[in-house]
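Tertiary structure, described
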Amino acid sequence: MLQMSDVDMIAAVKRGDFVAYEQMFMCYFPIVRNFIRGFVKDDEPAKDLAQDVFMKLWQYRSSLDASKPLRSYLFLLARREVCSHFRAKAQRVNRCGEDHIVAIADNTTQQQLDSEELSGVVSGIVENMPPKRKEIFTMSRRQGLSNREIAERLDISVRTVDKHIELALQDIRKRIER
């Protein structure tokens, strides 16, 4: 099989060419899975989320833009899937009556700290965040607002909200892992 350029691959996928889609999947799936694994720290969820990325890529193929880098688009979709994964995980934990911040910690940290200690540590970390990051994180995690709702309320872009939440989660992870 002849290898297509990203531009040709995007154009073919946009037209509904499943062979081009399969080629895109075979070429980029490992990269996307490894990118996601960096966030979720587990192979199975990383694999599932990467498959979701490619499923959405196929579902919304008509909106692909061949002038934009495919890799960047895939990473954007992957980041959104990871955020949705953590949001859903936090909501499941919250429904069980446990502190929803536990979902952010990786398994080894959860084993080392009980949820009350972790909640106190995370609250302290959140309190020391820059004001805008703290506000956005609180609206997302404690009030359960979507990134789009937060962006509309604060009159900022969804990308800015994504970045603040990403940085907040990085802060929390770094400080908890110490």
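The present account deals with the structure reproduced in this document. (Residues numbered from 1 in each chain as written. Predicted model: local features only at pLDDT ≥ 70, side-chain atom pairs only at ≥ 80, totals over all residues. Heavy atoms only, no water.)

Because an α-helix completes one turn every 3.6 residues, residues spaced three or four positions apart along the sequence face the same direction. For helix 2 (residues 18–40), the principal kink sits at Y28 and spans about 45 degrees; a proline, P30, occurs within the next four residues. Of the positions making up helix 2, those classed as buried are A20, Y21, Q23, M24, Y28, F29, V32, I36 and V40. One or two residues past the end of helix 2 sits K41, with phi positive at roughly 60 degrees. (Bend = angle between axes of the 7 residues up to and from the residue. Helix = DSSP H or I, 4+ residues; strand = E, 2+ residues; numbered from the N terminus. Buried < 20%, exposed > 50% of the residue type's maximum accessible area, 1.4 Å probe, protein only.)

Moving on: the packing of aromatic side chains. This model, assessed by the stated rule, comprises eight aromatic pairs. Measuring from centroid to centroid gives 5.3 Å for F35 and F39, while their planes differ by 75 degrees, and the two rings are edge-to-face. One end of the pair is F35 and the other is F39, both in helix 2 and four residues apart, which spans about a single turn. A relative accessible area of 24% means that F35 is categorised as partly exposed. Ring-pair connections join several aromatic residues into one group, and the members of that group are F18, Y21 and W58. The ring of W58 has R61 sitting right over it, with the charged end atom 3.9 Å from the ring centre. (Phe/Tyr/Trp six-rings, centres within 6.5 Å; stacked < 30°, edge-to-face > 60°. Lys NZ or Arg CZ within 6 Å of the ring centre and 35° of its normal.)

Before going further, it helps to examine helix 3 (residues 43–59). Taking 1.5 Å of rise per residue, 17 residues should cover 24 Å, and helix 3 covers 24 Å from first to last C-alpha, within 8% of that figure. Within the span of helix 3, buried status applies to A46, L49, A50, V53, F54 and L57. Each buried residue of helix 3 lies within a common arc of 140 degrees when the element is viewed along its axis, so the set occupies one face. (Expected span 1.5 Å × (residues − 1). Arc of directions from axis to C-beta.)

What follows covers the packing of helix 2 against helix 3. For the pair helix 2 and helix 3, the least separation of the axes is 8 Å and the interaxial angle reads 140 degrees. Between helix 2 and helix 3, the interaxial angle falls into the category oblique. The handedness of the crossing between helix 2 and helix 3 is right-handed. Listed contacts from helix 3 to F18, Y21, M24, F25, Y28, F29, V32, R33, I36, R37 and V40 of helix 2 are D43, P45, A46, K47, L49, A50, Q51, V53, F54, M55, L57 and W58. The residue makeup of the contact of helix 2 with helix 3, split by class, is 18 nonpolar, one polar and four charged. (Axes fitted to C-alpha atoms, helices over the stretch in contact; angles between N-to-C directions. Parallel < 35°, antiparallel > 145°, perpendicular 65-115°, else oblique. Left-handed = near helix turned anticlockwise from the far one by under 90°. Contact = heavy atoms within 4.5 Å. Nonpolar A, V, L, I, M, F, W, Y, C, P; charged D, E, K, R; others polar.)

With that settled, consider the nonpolar core. Among the nonpolar cores identified, the biggest contains 25 residues, and M24, V32, I36, V53, F54, L57 and L74 are the most heavily contacted of them. If we ignore the near neighbours within four places in the chain, the residues touching I36 are A46, L49, A50, V53, A78 and V82. Judged by nonpolar contacts, the second largest core, of 16 residues, contains V126, L154, A168 and L169. (Core = buried A, V, L, I, M, F, W, Y, C linked by side-chain atoms within 4.5 Å.)

Let us look at the packing of helix 1 (residues 6–14) against helix 2. The geometry of helix 1 relative to helix 2 is characterised by a closest axis approach of 8 Å and an angle of 135 degrees between their N-to-C directions. The orientation of helix 1 with respect to helix 2, classified from their angle, is oblique. Between helix 1 and helix 2 lies a crossing whose hand is left-handed. For the pair helix 1 and helix 2, the contacting residues are D6, M9, I10, A12 and V13 in the first and A20, Y21, Q23, M24 and Y28 in the second. Across the contact of helix 1 with helix 2, the residue classes tally to eight nonpolar, one polar and one charged.

The next subject is the side chain of D162. Residue position: D162 is located in helix 9 (residues 158–177). Although D162 lies buried, it forms no salt bridge, and the closest oppositely charged side chain, R159, sits 4.8 Å away as judged by the N-O distance. In terms of polar contacts, D162 uses its side chain to reach the side chain of N147, at 2.5 Å. (Lys, Arg positive; Asp, Glu negative; His and termini not counted. Salt bridge = Lys/Arg side-chain N within 4 Å of Asp/Glu carboxyl O. Polar contact = N/O pair within 3.5 Å; in protein donor to acceptor, adjacent residues only side chain to side chain.)

Our focus in this paragraph is unusual backbone geometry. Notably, K41 is not glycine yet its phi reads approximately 60 degrees, a positive angle. Note on placement: K41 falls in the loop between helix 2 and helix 3. Take K41: its relative accessible area is 51%, and that puts it in the exposed class. We note that D155 has phi near 55 degrees; this positive angle belongs to a residue other than glycine. For D155, the location among the structural elements is in the loop between helix 8 (147–154) and helix 9.

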